[in-house]
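Read off the chains here:
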Amino acid sequence: MSTTICQVMGFIVSSLGVAGCMVSTAMDMWSTQDLYDNPVTAVFQYQGLWRSCVRQSSGFTECRPYFTILGLPAMFQAVRALMIVGIVLGILGLLVCIFALKCVRIGSMEDSAKANMTLTSGIMFIVAGLCAITGVSVFANMLVTNFWMSTASMYQGMQNIQNRYTFGSALFVGWVAGGLSLIGGIMMCLACRGLIPEESRYKAVSYNASGRNISYRTGPYKVGSGYEPETKSRKGAGYEEAARSEDGRRSYPSKYDYV
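What you are looking at is a predicted structure, and each value in this text was computed from that prediction instead of being measured.

Undergrad: Looking at this structure, how should I read the environment of Leu195?
TA: Relative to the helices and strands, Leu195 resides in helix H4 (residues 169-195). A relative accessible area of 3% places Leu195 in the buried class. Once the C-alpha coordinates of Leu195 and Glu110 are considered, the two residues, 85 residues apart in sequence, prove to be 9.8 Å apart. Contacts of Leu195, omitting those with residues within four sequence positions, involve Thr3, Gln7, Lys102, Asp111, Lys114, Ala115 and Thr118.

Undergrad: How should I be thinking about the nonpolar core in this particular structure?
TA: Considering soluble globular proteins, one finds that nonpolar side chains tend to be buried as a cluster. Counting 18 residues, the largest nonpolar core has Trp30, Leu49, Phe76, Val79, Met83, Phe139 and Leu171 as its most contacted members. Sorting the residues of this core by element identifies helix H2 (74-100), helix H3 (111-155) and H4 as the ones contributing at least two each. Not counting the four nearest positions on each side in its chain, Phe76 is found in contact with Gly48, Leu49, Tyr66, Phe139 and Met142. Core analysis: the second largest hydrophobic core is formed by seven residues, Leu94, Leu101, Phe125 and Met188 among them.

Undergrad: Explanation requested: the environment of Gly184 in the structure shown.
TA: As for its position among the elements, Gly184 is in helix H4. Overall, the relative accessible area of 0% leaves Gly184 in the buried class. Linking Gly184 and Gly122, residues 62 residues apart in sequence, is a C-alpha distance of 7.2 Å.

Undergrad: Teacher, can you tell me more about a nonpolar patch on the surface here?
TA: Nonpolar side chains collect at one region of the surface, where Met22, Trp50, Ile84, Val88, Ile91, Leu92, Leu95, Ile98, Phe99 and Ile106 lie side by side and expose about 840 Å² of accessible area between them. Element by element, the count of residues in the nonpolar patch is highest for H2, at seven residues. Within the fold, Leu92 resides in helix H2.

Reading guide: rules and limits
- Residues numbered from 1 in each chain as written.
- Predicted model: local features only at pLDDT ≥ 70, side-chain atom pairs only at ≥ 80, totals over all residues.
- Heavy atoms only, no water.
- Helix = DSSP H or I, 4+ residues; strand = E, 2+ residues; numbered from the N terminus.
- Buried < 20%, exposed > 50% of the residue type's maximum accessible area, 1.4 Å probe, protein only.
- Contact = heavy atoms within 4.5 Å.
- Core = buried A, V, L, I, M, F, W, Y, C linked by side-chain atoms within 4.5 Å.
- Patch = residues over 30% accessible without salt bridge, like charges linked within 9 Å, V, L, I, M, F, W, Y side chains within 5 Å.
- Areas by Shrake-Rupley, 256 points an atom, 1.4 Å probe, with all protein chains shown as cover.
- Salt bridge = Lys/Arg side-chain N within 4 Å of Asp/Glu carboxyl O.

Here it is as structure tokens:
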């Protein structure tokens, strides 16, 4: 029961994380204009991964997509790639996880196959979450670097060179979504352990049949078994031949044999 609950909860949390990654990637507010010490508030600018927008005080908003790919910074394109890879892996993980749920029966699928599928989906969710967190963190690092460069230019008397941009709401959505995908993937990996059949955990244990081993000798030697009675022959008065062990070897007498 606990395995099923862990698996279902991991699926739900991972689904929320993947959906959050998709929403974060599509949002336009990855970076917003910093209005601190800005006397011009009639125009508000914000940018996303796919387009930049300008909102006026009258409520009119105009967005313009990026018509170039090679003209964008390399780190900006890397952020795009990371978010897309995270979304693709998350969707594939959801498809695999649906068929791996213990409460869903498809034909005569064994629990070992479901365990492997659960582990695969969990790894996909973990990688998707790491991609989302890495992409958002790289973009945030770019914003921090450009912000302090713009601040240094302002203190040098060049206030009208460029606007300063700060964190947008899409960054926080991406961080939370990546964390949810990561947590859901870990829960799926933990649920995989409970789906492994019990008999497959002890395959390395071997059992030896009890009993005496029968030894066979070839050639002029006499075939002997452990069940033949030991024969005794008298060689002299008051002397008996020493008993032989089970494997046919001679055992020498001890001091307790003559008592």
